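What the coordinates show
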Amino acid sequence: MKFIVAALLSLALIGPGVAEVNGTWSVGVTGQYDVPLFKLNQWFPSGGIDIGGTVSRINNPTWTFELDARYAKYGSGELENRRFLWSVDLQEYESSNASSEMTWFTVTANYLYHFDGGGEKLNTGGGAPYFVIGSGFYHYNNEISGLIYPGQSGTLDTNLIQRPESDVRTALGVNAGVGVEYFASQNFAIDLRAQYHVIWGHVRPLEAWGLQEAFPFHKLNLGVRLKLYFPK
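This one's a predicted model, so the numbers in the text were calculated from it and none came from an experiment. The numbers attached to residues start from 1 for each chain and follow its sequence in the written order. Per-residue local features of the predicted model are confined to residues with pLDDT of at least 70, and side-chain atom pairs are confined, for both listing and counting, to 80 or more; whole-chain, interface and lining totals are unaffected and use all residues. Processing note: side-chain calculations cover all non-hydrogen atoms of the structure and skip hydrogens and water entirely.

**A short note on the pattern of salt bridges**
A side-chain nitrogen of Lys or Arg and a carboxyl oxygen of Asp or Glu constitute a salt bridge if their distance falls within 4 Å. Under the counting rule described, the total for this entry stands at 16 salt bridges. Of the charged contacts in the structure, one is a salt bridge between Asp68 and Arg70, with a shortest N-O distance of 3.1 Å. Arg70 shares its class with Asp68; the two are buried. With its nearest N and O atoms 3.0 Å apart, the salt bridge here joins Lys227 to Asp191. One end of the pair, Lys227, is in strand S10 (residues 217–230); the other, Asp191, is in strand S9 (residues 188–199), and 36 residues separate them in sequence. Judged by its relative accessible area of 1%, Lys227 is buried. By relative accessible area, which is 0% here, Asp191 ends up buried. Salt bridges here are not isolated pairs; linked through shared partners, they connect Asp50, Glu66, Asp68, Arg70, Glu181, Asp191, Arg193, Arg225 and Lys227. The rule is simple: take the accessible area with a 1.4 Å probe, protein chains only, and divide by the maximum for that residue type; under 20% is buried, over 50% is exposed, in between is partly exposed. Helix and strand labels come from DSSP, where a helix needs a run of H or I of at least four residues and a strand needs a run of E of at least two; each type is numbered from the N terminus.

Right under this line is the structure:
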C-alpha cells in the first residue's frame, strides 16, 4: 500500500512538468553551410550559405515536429573556370563572360527523435542528441549565361554568345541527419545539426565544357539553429 501511495505521489509530482513540455512551440533562425555532393559538386564545388527560419512543436519528450524554410545560393560555379572544346580545331577556349549560379528555396517537414527524452531538457537544461528525418519541396533555379556558342564553323567568333539558359523546377526530396540540441534555459536552445538531402532534380549537361548531367541532387547541410521556446 505504501508503495502504491508513493508511486501515485511520484506521478503527481512529474505529471505537471510533462504536461508543460508537451505541445510547447518554438520559433528560430537557421544558418548553415550547404555542401553539394557527387555530380552537383562538379558544378558548384564551393557550395554556399543557407539561411532561413524554423517552427517546431514538442509533441512529447521523445518526438518533435519541425517546419523548416530556407534560402541558399551557389555562386561562381565551376563553369566559369572551364574552357570549352571547339570541334573545328580541337582547341580549348575560355568564355570570359561566363556566369553560373544556382539558387534554392526549400520547405521541409521534419521529425526529430531525441534519444534520451530531449523534450524534458526544456525544464532541466542540458544537451539532447537526436536523429532527424523529413521530406519536402526544393525549388531551384540554375542560371547560365555568357557562354561562347560552341557550334560554330569556320572562324570562331568569340562575340557570338549563346542565349542564357536556366533549369527551374520544384522537386521532391528527402533528408536525414543527426544533431544535438542544447537547452540553455526554458526559453532558449542552440541546435547543432548535420543533415543529408537527396532531391529528385537535375541540371542539363554541358558536354563541350565537360560537365555531366546531375541527377538526383545530393547535398549536406552543416549548421546551427537558434530557437526561442514558449513554454505553457
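**Examining the sheet that holds S10**
Pairing in this closed barrel of eight strands is antiparallel, and the strands run S1-S2-S3-S6-S7-S8-S9-S10 around the ring. The average undirected angle you get between the axes of adjacent strands in this sheet is 25°. Here, any two strands with at least 2 DSSP bridges between them count as paired. Pairing of strand S1 (residues 25–37) with strand S2 (residues 48–58), which is carried by ten bridges, proceeds in the antiparallel orientation. Directly across from Asp34, in S2, lies its bridge partner Gly48. Only the stretch in contact is used when a helix axis is fitted, and all axes are lines through C-alpha atoms; the angle between N-to-C directions ranges over 0 to 180 degrees.

**Points about the packing of aromatic side chains**
Ring pairs shown here join Phe, Tyr and Trp side chains whose ring centres sit within 6.5 Å, with only the six-membered ring taken for Trp; geometry is labelled stacked below 30 degrees between planes, edge-to-face above 60, and tilted in between. Here the structure, examined in full by the defined rule, presents 13 aromatic pairs. Ring centres of Phe84 and Trp209 lie 5.4 Å apart, and the angle between their planes is 50°; on these two criteria the pair is classed as tilted. Placement of the pair is Phe84 in strand S4 (residues 83–86) and Trp209 in the loop between S9 and S10, with a sequence separation of 125 residues. Exposure remark for Phe84: the relative accessible area of 0% places this residue in the buried category. Residue class for Trp209 comes out buried when judged on its relative accessible area of 4%. Aromatic rings pair up to connect Phe44, Tyr74, Trp104, Tyr140 and Phe217 into one cluster. Note on criteria: charge over ring means Lys NZ or Arg CZ within 6 Å of the ring centre, with the direction from the centre no more than 35 degrees off the ring normal. Sitting over the ring of Trp104, Lys219 keeps its end group 3.7 Å from the ring centre.

**A short note on the side chain of Gln162**
By the element assignment, Gln162 lies in the loop between strand S7 (126–145) and strand S8 (165–183). Residue class for Gln162 comes out buried when judged on its relative accessible area of 16%.

**Topic: the nonpolar core**
Side-chain atoms within 4.5 Å link the members of a nonpolar core, which is a set of buried Ala, Val, Leu, Ile, Met, Phe, Trp, Tyr and Cys residues. With 25 residues, the main nonpolar core has Trp43, Met102, Trp104, Leu206 and Phe217 as its most contacted residues. Contributions of two or more residues to this core are made by helix H2 (38–43), strand S3 (63–74), S4, strand S6 (99–114) and S7. At three residues, the largest contribution of residues to this core is made by S7. Here, two residues are considered to be in contact whenever any of their heavy atoms come within 4.5 Å of each other. In this structure Trp43 touches Gly77, Glu78, Leu79, Asn142, Ile144, Val203, Arg204, Pro205, Leu206, Leu211, Gln212 and Ala214, once residues within four positions along its chain are discounted. Within the second largest apolar cluster, seven residues are counted, among which are Val21, Ile58, Leu122 and Tyr229.

**Describing the pairing of S7**
Examined bridge by bridge, S6 and S7 share 16 bridges and lie antiparallel to one another. The partner of Thr106 across the bridge, within S7, is Tyr138. Relative to S8, S7 is paired through 19 bridges, and the arrangement is antiparallel. The residue of S8 that forms the bridge with Gly136 is Gly173.

**With respect to a nonpolar patch on the surface**
On the surface, Trp25, Val27, Tyr33, Ile49, Ile51, Val55, Leu67, Tyr71, Phe105, Val107, Leu228 and Phe230 cluster together into a nonpolar patch covering about 1,100 Å² of accessible area. Elements that contribute at least two residues to the nonpolar patch include exactly S1, S2, S3, S6 and S10. In this structure, Tyr33 sits in strand S1. Accessibility expressed as a relative area gives 36% for Tyr33, which makes it partly exposed. Patch membership needs two things, relative accessible area over 30% and no salt bridge, and members are linked within 9 Å if like-charged or within 5 Å if nonpolar (Val, Leu, Ile, Met, Phe, Trp, Tyr). The method behind every accessible area is Shrake-Rupley, applied with a 1.4 Å probe, and residues are considered shielded solely by the protein chains displayed.

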